[in-house]
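Tertiary structure, described
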Amino acid sequence: MTARAATRPVGTVTRGTTNPNRLRRMDRWIAATHGAELRRAAEPVAVDLGYGAAPWTAVELLTRLRAAAPRARVVGVEIEPARVTAAKPYEREGLRFRHGGFEIPVPGRPQLIRAANVLRQYDEDEVAAVWERLCARLAPADGQARGGLLVEGTCDEIGRRHVWVALGPEGPRTVTFATRLGSLQRPSDLAERLPKALIHRNVSGEPVHAFLRDFDRAWAAAAPYASYGARQRWIRTVRDLTADWPVTDSPARWRQGEVTVAWGALAPRG
């Protein structure tokens, strides 16, 4: 038995819940914001970490990334061996499945690691070490390249509501809130989908709580725009947020029901 075969994967088995199209909002954001890095990379490898009981999310990630970066390749990584066996028939050019965990059992340094709904079952005090381990596996920054990207977050079962953190080799960069606008009563509805690093920090005195409070206030103030549709109300709401919060994206992304904020503004105190 080789040393690689004897190495035990790092992490624990997730519930494995998955549905087709569940991660579409995250995928489209990655393709739009990280597509140029993937196109420039000599080895544009993306890892779908913890894809679950069925391989739909890895299959869909390959399709969406290749629309932005035609040479992109995807490796689905699962810690449960039976799930890897079940996914093998779906392998094709550019798509492979591997048994593993947070050690990321792929050669080289991937340009992308996506970990959706993976850390939900972990304790908050475990998150920083997992982030550090995964970021250390990313392609490093080099010249004009910013390096690889780790996208870690949570969504509901059918992908209407997402919140994710984007991290580079240097650590956390941004937090993105994304939703199907027709399903939203108020922006703070997204609080239930905050990633593990933030979900227990939605309390008075924490930055993410203040942000969601201001988001709701701006949403209420933008109520007159609802007559033009939920999209126009959202755009007006986010535009008002930019007066007090470091929103890092533009109306082109706001129109998709998204807003991205610098991590430093929402990071937990202490």
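This section reports on the structure supplied with the text.

The rules we used
Residues numbered from 1 in each chain as written. Predicted model: local features only at pLDDT ≥ 70, side-chain atom pairs only at ≥ 80, totals over all residues. Heavy atoms only, no water. 1 Å grid on protein atoms, 1.4 Å probe; cavity = no way out; pocket = protein on both sides within 12 Å on 5 of 7 lines; lining within 4 Å. Points joined across faces, edges and corners; volume = space filled by probe spheres on them. Nonpolar A, V, L, I, M, F, W, Y, C, P; charged D, E, K, R; others polar. Helix = DSSP H or I, 4+ residues; strand = E, 2+ residues; numbered from the N terminus. Polar contact = N/O pair within 3.5 Å; in protein donor to acceptor, adjacent residues only side chain to side chain. Contact = heavy atoms within 4.5 Å. Axes fitted to C-alpha atoms, helices over the stretch in contact; angles between N-to-C directions. Parallel < 35°, antiparallel > 145°, perpendicular 65-115°, else oblique. Left-handed = near helix turned anticlockwise from the far one by under 90°. Core = buried A, V, L, I, M, F, W, Y, C linked by side-chain atoms within 4.5 Å. Buried < 20%, exposed > 50% of the residue type's maximum accessible area, 1.4 Å probe, protein only. Pairing = 2+ DSSP bridges. Salt bridge = Lys/Arg side-chain N within 4 Å of Asp/Glu carboxyl O.

**Focus: the layout of surface pockets**
The space that makes up the largest pocket amounts to roughly 340 Å³. In terms of lining residues, the largest pocket is bounded by 21 residues, among which Thr17, Arg22, Ala116, Asn117 and Val118 are the most central. Here the lining of the largest pocket is composed, by residue class, of five nonpolar, ten polar and six charged.

**Observations concerning the side chain of Ser183**
Locating Ser183 in the fold gives a position in the loop between strand 7 (171-179) and helix 6 (196-199). At 2.8 Å, the side chain of Ser183 and the backbone oxygen of Arg180 are in polar contact. Among residues more than four places away in sequence, those in contact with Ser183 are Arg160 and Arg161.

**Considerations on the packing of helix 2 (residues 24-40) against helix 3 (residues 56-68)**
Where helix 2 meets helix 3, the axes come as close as 8 Å, and the angle between the chain directions of the two elements is 45 degrees. On the basis of their axis angle, the class for helix 2 and helix 3 is oblique. The interaxial crossing formed by helix 2 with helix 3 has right-handed handedness. Residues Arg24, Asp27, Ile30, Ala31, Gly35, Leu38 and Arg39 of helix 2 touch helix 3, and the partners they reach there are Glu60, Leu61, Arg64, Leu65 and Ala68.

**Details of the nonpolar core**
With 51 residues, the main nonpolar core has Leu49, Trp131, Phe177, Phe211 and Trp234 as its most contacted residues. For this core, the element with the most residues is helix 7 (residues 207-221), which contributes six residues. Residues in contact with Trp234, not counting those within four places in the same chain, are Phe177, Thr179, Leu181, Leu184, Leu190, Phe215, Trp219, Trp254, Gly257, Glu258 and Val259. By size, the runner-up hydrophobic cluster in this structure holds 27 residues, among which are Ala69, Val84, Ala116 and Ala178.

**Things to note about the sheet that holds strand 5 (residues 149-155)**
Here eight strands make up an open sheet; going across it, the order is 3-2-1-4-5-6-7-8 and the pairing mixed. Here the strands that pair on one side only, and so sit at the sheet edges, are strand 3 (95-99) and strand 8 (258-262). With strand direction ignored, the average angle separating the axes of adjacent strands in the sheet is 20 degrees. Sheet strands touched by helix 3: strand 1 (45-49), strand 2 (73-78), strand 3 and strand 4 (112-116). Its angle to strand 2, the strand with the most contacts, is close to 160 degrees.

**Describing the pattern of salt bridges**
Under the counting rule described, the total for this entry stands at 22 salt bridges. Two residues, Glu43 and Arg73, come together in a salt bridge whose shortest N-O distance is 2.5 Å. Residue Glu43 is found in the loop between helix 2 and strand 1, and its partner Arg73 is found in strand 2; the two are separated by 30 residues along the sequence. Arg73 sits in the partly exposed class, given a relative accessible area of 32%. The partner of Arg161 in a salt bridge is Glu192, with the nearest N and O atoms 3.8 Å apart. With Arg161 in strand 6 (residues 161-168) and Glu192 in the loop between strand 7 and helix 6, the pair connects residues that are 31 residues apart, well separated along the chain.

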